Amino acid sequence: MVLNFFANPNRFSRISAKVVPWFGGGTIILLIIGIYFSLFSSPPDYQQGNAVRIMYVHVPAAWTALACYVFIAIMSAISLIYKHPLADIACRSAAPLGVGFTIIVLATGSLWGKPTWGTWWVWDARLTSVLILLFLYLGHISLTHAFDSQDRGAKAAAVLALIGFINIPIIKFSVDWWNTLHQPASIARLDGPSIDTSMLVPLLLMALAFIFYFITMLLIRMRTELAVRKTHALKYKMGH
Amino acid sequence: MKRKHKRLLLVLVSLGLLGLGTAILLSAIEDNLVFFYTPSEIENKSIKNDQVFRIGGVVVNGTIKHSNSFSSFSLTDFRKTISVTFKGVLPDLFREGQGVIAEGSLKADGTFTATQVLAKHDETYMPKEVADKLKSSGLWKEKFSKNEYFN
């Protein structure tokens, strides 16, 4: 089972050391190509003009913010059920990244909303549920650090992550279930994407770049956390 | 049953119950979750005159009029049409056939006085040349004539 394979911290350290440079390099290459396509090699929209280019940051950040939360929720379940030590480290390392992506979504969405909708912010179901996602991430980080015992903090945060998971389908389907100012999905549709190929290419390139960046940072943060814990354990041993 | 199987069951059952509870809750407060009503929906809601709410629809062709700083236009959901008056600056995307959301209240004569107008843009993205080509070849899908636009 993959789970047991990666549960061994030493094996994780060895493999992650090898793949980090590849994901890091991939991020840089994808970002360069993606930004070139987004800013230079894609047409303005028939309605929105050049404002559509905000989409190439906004949508990838949103996808990554959601993917990050799903990752944390799965790792939280693994941590609570199977007690794998690496699962806690994964949650703890991913949450601040999720905060970053969610702030990018909200900020770029606000900047995009003003010229297209005519407002920076409204309390519609999509915008509000994404704001709740930000608070879930912040709550997760606070709970992780709220206890003297690291394990208890991780456990409390894992429970919060699982409860908050209910927000993910709400974010995704809010635009279909209720009247919102935010438009429905363009890509994940039954009748195929309602976006021209010339705009889909930069969007997917940027999305891949964001995901690669997330994986790179996640692995680096997990490796750092492992090293910190080893140092603590060593100090403890030498002190006694 | 092993302990970890018990925990797995506990997590799954709790999540299932939580999901069920949330679904019931959300459907109960649905009226507060929608951002706007469509013109045909407001008939069924008991909305008092001067009560502030939002109305969403498509701007009917040929109904936009400007006089001084006032604008007036008609909003439709293809079942019912309502005329709207608004004083202020309209968003850039405001045009005929565009989905818009107006915030304001109903007057006694059945017209809607808006204090804010927002443009609702759809999920279609394409370059101008493609849009022109589709329109000239008659393949332009009149998405706004479909009820699907209002979910």
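Heads up: these notes are all about the structure in this document. Because the structure is predicted, anything quoted here is derived from the model rather than measured.

Thresholds, definitions, all that
- Residue numbers restart at each chain and count upward from 1, following the sequence in its written direction.
- In the order they appear in the text, chains get letters beginning with A and ligands get numbers beginning with 1.
- For this predicted model, a pLDDT threshold of at least 70 governs which residues receive local features, and a threshold of 80 or more governs which side-chain atom pairs are given and counted, while totals over whole chains, interfaces and linings are taken from all residues.
- The basis for every side-chain value is the complete set of heavy atoms in the structure, and neither hydrogens nor water enter the calculation.
- Counting from the N terminus, the helices are the DSSP runs of H or I reaching at least four residues and the strands are the DSSP runs of E reaching at least two.
- Here's how the labels work: a residue is buried when its accessible area is under 20% of the maximum for its type, exposed when over 50%, partly exposed in between, all with a 1.4 Å probe on protein chains only.
- In what follows, a contact means two residues having at least one pair of non-hydrogen atoms within 4.5 Å.
- Accessibility throughout is a Shrake-Rupley quantity obtained with a 1.4 Å probe, and a residue counts as covered only by protein chains that appear here.
- Here Asp and Glu are counted as negative and Lys and Arg as positive; His is not counted, and neither are the chain ends.
- The atom standing in for a charge is NZ when the residue is Lys, CZ when it is Arg, CG when it is Asp and CD when it is Glu.
- Throughout, an axis means a line fitted to C-alpha atoms (over the contacting stretch in the case of helices), and angles, computed between N-to-C directions, take values from 0 to 180 degrees.
- Reported orientations rely on four angle classes, namely roughly parallel under 35 degrees, roughly antiparallel over 145, roughly perpendicular from 65 to 115, and oblique for the rest.
- Handedness of a crossing is defined here by the sense of rotation of the near helix relative to the far one, left-handed for an anticlockwise turn of less than a right angle and right-handed for a clockwise turn.
- Gly falls in the polar group here, along with every residue not listed as nonpolar (Ala, Val, Leu, Ile, Met, Phe, Trp, Tyr, Cys, Pro) or charged (Asp, Glu, Lys, Arg).
- Strand pairing follows a simple DSSP-based rule, namely that at least 2 bridges must link the two strands.
- Nonpolar side chains (Val, Leu, Ile, Met, Phe, Trp, Tyr) within 5 Å and like charges within 9 Å form the patches, drawn only from residues with over 30% relative accessible area and no salt bridge.
- Here, a salt bridge means any side-chain nitrogen of Lys or Arg that lies within 4 Å of a carboxyl oxygen of Asp or Glu.

This part is about the overall build of chain A. A tally of regular secondary structure across chain A gives 8 helices and 0 strands. Put simply, chain A runs from its N terminus to its C terminus through helices and strands in the order α-α-α-α-α-α-α-α. Across its three principal directions, the C-alpha atoms of chain A cover 70 × 35 × 30 Å. Across the 240 residues that make up chain A, the buried fraction comes to 49%. In chain A, 75% of the contacts between residues at least 6 apart in sequence involve partners at least 24 apart. Accessible surface computed for chain A: about 11,500 Å², of which carbon and sulfur atoms make up 73%. Of the side chains in chain A, 18 bear a positive and 9 a negative charge, and the two mean positions are spaced by 14 Å.

All names here are of chain A. It is at 8 Å that the axes of helix α3 (residues 55-82) and helix α8 (residues 197-239) come closest, and there the two elements cross at 40 degrees. What the angle tells us is that α3 and α8 run oblique. α8 is crossed by α3, and the crossing has right-handed handedness. On α8, the residues touching M55, Y56, V57, V59, P60, A61, W63, T64, A67, C68 and F71 of α3 are M199, P202, L203, L204, M206, A207, F210, I211, F214 and L218. When its residues are assigned to classes, the contact of α3 with α8 shows 20 nonpolar, 1 polar and no charged.

A few words on the pairing of strand β5 (residues 99-106) of chain B. Both faces of the sheet carry side chains from a regular strand, because those side chains alternate between them. Residues and elements named next belong to chain B. In terms of burial, β5 is largely enclosed, as 7 of its 8 residues are buried. Examined bridge by bridge, strand β1 (residues 53-59) and β5 share 6 bridges and lie antiparallel to one another. What sits directly across from I55, in β5, is A102. One ladder, built from 8 bridges, connects β5 with strand β6 (residues 112-120); its direction is antiparallel. If you follow I101 over to β6, its bridge partner there is L118.

So, about a positive patch on the surface. Residues K83 and K155 of chain A together with R3 and K6 of chain B make up a contiguous surface patch of positive charge. One can find R3 of chain B in helix α1 (residues 3-28). R3 of chain B gets classed as exposed once you look at its relative accessible area, which sits at 68%.

Here we come to the environment of H84 of chain A. All names here are of chain A. Position of H84 among the secondary structure elements: in the loop between α3 and α4 (85-116). In this structure H84 comes out as buried when scored by relative accessible area, which is 14%. Remark: the alpha-carbon pair of H84 and A7, spanning 77 residues in sequence, is separated by 6.1 Å.

What follows covers the pattern of salt bridges. Two side chains of opposite charge can pair, provided their charged atoms sit close to one another. All names here are of chain A. Counted according to the given criterion, the structure contains 3 salt bridges over all chains. The partner of R92 in a salt bridge is E225, with the nearest N and O atoms 3.3 Å apart. Taken together, the positions of R92 in helix α4 and E225 in helix α8 put the pair 133 residues apart, joining distant regions of the chain. The class for R92 is buried, based on a relative accessible area of 17%. Among the residues examined, E225 registers a relative accessible area of 15% and is labelled buried. Linking R229 and E225 is a salt bridge whose minimum nitrogen-to-oxygen distance equals 3.0 Å. With a gap of 4 residues between them, R229 and E225 both fall in helix α8, about one helical turn apart. Residue classification places R229 among the partly exposed residues on the basis of a relative accessible area of 24%. One salt-bridge network, in which partners are shared between bridges, spans R92, E225 and R229.

Purely spatial values, then, with no claim about function.
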